[in-house]
Amino acid sequence: MNAQKTNGNSPLLWTLWLWRLALALASGWAVSLLLEHRSAEQVFDQLLYFTTLSTIAVFLFNLSEVVRPFVIRTGGRNRFESRSPWLRGMATSMAIFTGVVFATLLEGSYPDTVDKLAHLVCPIAMAVDWAAVGRSQGRLHVLSPATWSALLLPYIFFVYPWDARRDGKPMYEFLDPAKDDWPATVGAVIAAFLILSYLLWAIARLRAKALSPR
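Residue positions are given per chain, counted from 1 along the sequence in the order it is written. Reporting of local features is limited, given that this is a predicted model, to residues whose pLDDT is at least 70; pairs of side-chain atoms are given and counted only at 80 or more, and all residues count toward the totals for whole chains, interfaces and linings. By convention in this description, side-chain values take in all heavy atoms of the structure and omit both hydrogens and water.

## Points about the overall build of the protein
Secondary structure is summarised from DSSP: a helix means a run of H or I of at least four residues, a strand means a run of E of at least two, and numbering begins at the N terminus for each. Looking only at helices and strands, the protein features seven helices and zero strands. Going residue by residue from the N terminus, the α and β elements of the protein occur as α-α-α-α-α-α-α. Considering only C-alpha atoms, the protein reaches an extent of 55 × 40 × 30 Å along its principal axes. Counting every position in the protein, which comprises 214 residues, the buried fraction comes to 45%. Contact definition: two residues touch when any of their heavy atoms are within 4.5 Å. Relative to all contacts within the protein whose residues are 6 or more apart in sequence, the contacts with residues 24 or more apart total 73%. Throughout this description, buried means an accessible area under 20% of the type-specific maximum (1.4 Å probe, protein chains only), exposed means over 50%, and partly exposed covers the range between.

## Some points on the nonpolar core
Take the buried Ala, Val, Leu, Ile, Met, Phe, Trp, Tyr and Cys residues and link them wherever side-chain atoms come within 4.5 Å; each set so joined is a nonpolar core. If you look at the biggest cluster of nonpolar residues, it comprises 34 residues, and the most contacted ones within it are Phe50, Tyr155 and Ile156. Put simply, the parts of the chain that give this core at least two residues each are helix H3 (50-71), helix H4 (86-103), helix H5 (113-132), helix H6 (144-167) and helix H7 (182-211). In terms of residues, this core owes the most to one element, H7, which gives eight residues. Look past the residues within four positions of Phe50 in its chain and what remains in contact with it is Met94, Phe97, Thr98, Leu152, Tyr155, Tyr172 and Phe193. Grouped together as the second largest cluster of nonpolar side chains are seven residues, Leu16, Trp17, Val66 and Phe80 included.

## Concerning the confidence of the model for the protein
Each residue gets a pLDDT score, which is the predictor's confidence in that residue and runs from 0 to 100. Averaged over every residue, the pLDDT of the protein is 91; residues scoring 70 or more account for 95%. The secondary structure element of the protein with the lowest average pLDDT is H6, at 92, and the one with the highest is H5, at 97. Low confidence marks residues 1-5, where pLDDT is under 50. Its contacts with residues over four positions away, or in another chain, come to 21 contacts.

## Let's talk about the packing of aromatic side chains
Stacked, edge-to-face and tilted labels apply to pairs of Phe, Tyr and Trp rings (six-membered ring for Trp) whose centres lie within 6.5 Å, assigned for plane angles under 30 degrees, over 60, and everything in between, in that order. Scanning the model with the defined rule gives 15 aromatic pairs in all. With centroids separated by 6.3 Å and ring planes inclined at 70°, the aromatic side chains of Tyr198 and Trp201 adopt a geometry described as edge-to-face. Taken together, the residues span about one helical turn, with Tyr198 and Trp201 both in helix H7 at a distance of three residues. The class of Trp201 is partly exposed, set by a relative accessible area of 24%. Taken together, the ring pairs connect Tyr49, Phe50, Phe97, Tyr155, Tyr160, Tyr172, Phe174, Trp182 and Phe193 into an aromatic cluster.

## Side note on the packing of H4 against H5
A fitted line through C-alpha atoms represents every axis, and for helices the fit uses only the stretch in contact; the resulting angles, taken between N-to-C directions, go from 0 to 180 degrees. H5 packs onto H4 with a crossing angle of 130° between their chain directions and a minimal axis gap of 8 Å. Relative to H5, the element H4 lies oblique. Crossing hand, H4 versus H5: left-handed. Counting all contacts with H4, which are made through Arg88, Gly89, Ala91, Thr92, Ala95, Ile96, Thr98, Gly99 and Phe102, the residues of H5 involved are Asp115, Ala118, His119, Cys122, Pro123, Met126, Ala127, Asp129 and Trp130. Any angle from 65 to 115 degrees is called roughly perpendicular, while one under 35 is roughly parallel, one over 145 is roughly antiparallel, and all others are oblique. Put simply, a crossing is left-handed when the front helix is turned counterclockwise from the back one by less than a right angle, and right-handed when it is turned clockwise.

## Some remarks on H6
The first and last C-alpha atoms of H6 sit 34 Å apart over 24 residues, in line with the 34 Å expected at 1.5 Å per residue. Taken as a whole, H6 has its buried residues at Ser144, Pro145, Trp148, Ser149, Leu152, Tyr155, Ile156, Tyr160, Pro161, Asp163 and Ala164. In this structure, the buried residues of H6 make contact with H3, H4 and H7. Once H6 finishes, Gly168 follows within two positions and takes phi at roughly 80°, a positive value. An expected span of 1.5 Å times one less than the residue number is assigned to each helix.

## Description of unusual backbone geometry
Its identity is not glycine, yet His37 carries a phi of approximately 55°, on the positive side. Among the secondary structure elements, His37 is positioned in the loop between helix H1 (11-35) and helix H2 (40-47). The phi torsion at Glu107 lies on the positive side, around 50°, for a residue other than glycine. Turning to its location among the elements, Glu107 is positioned in the loop between H4 and H5. For Glu107, a relative accessible area of 68% puts it in the exposed group.

Spelled out as structure tokens, the structure:
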């Protein structure tokens, strides 16, 4: 879903738009399932889970790209795809990280629609999107992955321990603030997220080089 030269009404760009629409619908459906039939307090609790945050990030990015052609009137790819890949990269790294942690450390299964959408469909779709769809990821700044990891710090160091104390148990057993290995585990989580983020940056750079005219 890319081309070096495309005009504002190119079928290729509308195919890109349909892909974004599909991702927006899938992630939006996942968010609604995660939050449905809950009281206001339960909704707040659910919003603290990284799965929910990552799925919301995927939804917001794809929704913004779906709305974009009807707001931006300039021609070319810029009408269908933002030149800044920051939010796209953040949503992609969060979604993939969610999928990997759920499948490995949490030994998750996918019996329900919400599990399939949030832990399987969104991570895989965003990985495919980053590796094969569009061109904006090629403009990702080298420091952007570090900013994504920096945004993770307040969640892990403040929000997560506060929630564990409030509920009397951690959201995720492998990440328990009451355990002696808490600092080491936090360091490992942040390092893993940073490595994933820079892997995405490297993929984007390689792809941009491969697509550049020779």
